[in-house]
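Reading the structure
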Amino acid sequence: MSDFKESDYMTTDRLLAITDGIFAIAMTLIVLTIGVPPISGPVSDVAIQKSLHDIAFPFFNFVLSFILLAMFWTANHKQLHYVKHVDSVFLWINIIWLLFIATVPLSTEISGSYHGYMTPQLIMNLNLLGIAFLLYLSWHYATKKGLISKKTTEAKIRSIKLTCLLFVGVALTATLLSLIIPEWSSIVYVALLLLERFV
């Protein structure tokens, strides 16, 4: 780990504040990607059930995106717990990361509105792949530049790195699947819920 001058760095407090704010907004906005389904013709229980069936995939997309954002938020907070100083490069890696986070409601709505087509699924999966890659890049940079606490063990550094690589691997797999079987590409994210426990 490299040495540093205190004057060249800032603490993680402000970064944590903006991160929490953007995540809170993004996780709230994705519910708006569902919308109340319209009913054509007379209103009845059968008509309502049919209209609710029509939003089944958008609702699945909402739940998936919400859970993934929660997992990314948790992973980021684990990183920042060990990061004690922030330089300009690390700051901008995280700002660009937050840009990808902020676009999740949009990519979720596009994917949910046009289920089964390659382009919408590709947009969403590339969005998530960008988030996963920048999360890994953030930790890689922090460890290489000595931004983390000197008390951080090698086992913890490796564990967080493996978690980031798991995110990248799953998102990359989903991106590739969206080119072949787009209607099923999102299912691969379920693996994160199972595999993350073993990292």
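Residues numbered from 1 in each chain as written. Predicted model: local features only at pLDDT ≥ 70, side-chain atom pairs only at ≥ 80, totals over all residues. Heavy atoms only, no water.

Examined against the element boundaries, P182 turns out to sit in the loop between helix 7 (154-177) and helix 8 (190-195). With 62 residues separating them in the primary sequence, P182 and P120 have C-alpha atoms 8.6 Å apart. Ignoring sequence-local partners within four residues, the contact set of P182 consists of G116, Y117, M118, Q121 and L177. (Helix = DSSP H or I, 4+ residues; strand = E, 2+ residues; numbered from the N terminus. Contact = heavy atoms within 4.5 Å.)

Below, the discussion takes up helix 7. Here helix 7 contains 24 residues, and its C-alpha end-to-end distance of 34 Å stays within 8% of the 34 Å for a straight helix at 1.5 Å per residue. Those residues of helix 7 not exposed but buried are I157, I160, T163, C164, L166, F167, V168, V170, A171, A174 and T175. (Expected span 1.5 Å × (residues − 1). Buried < 20%, exposed > 50% of the residue type's maximum accessible area, 1.4 Å probe, protein only.)

Attention shifts here to the nonpolar core. By size, the foremost hydrophobic cluster in this structure holds 48 residues, and its most contacted members are F72, V83, F90, W97 and Y189. Looking at this core, the elements with two or more residues in it are helix 1 (13-29), helix 3 (56-82), helix 4 (88-102), helix 6 (118-144) and helix 7. Non-local contacts of Y189, meaning those with residues more than four positions away in its chain, are made with L64, L68, N125, L128, V170, A171 and A174. (Core = buried A, V, L, I, M, F, W, Y, C linked by side-chain atoms within 4.5 Å.)

Locating T175 in the fold gives a position in helix 7. On the basis of relative accessibility, which here comes to 7%, the residue T175 falls in the buried class. For T175, the side chain forms a polar contact with the main-chain oxygen of N125, separated by 3.4 Å. Setting aside its immediate chain neighbours within four residues, T175 contacts L122, N125, L126 and L129. (Polar contact = N/O pair within 3.5 Å; in protein donor to acceptor, adjacent residues only side chain to side chain.)

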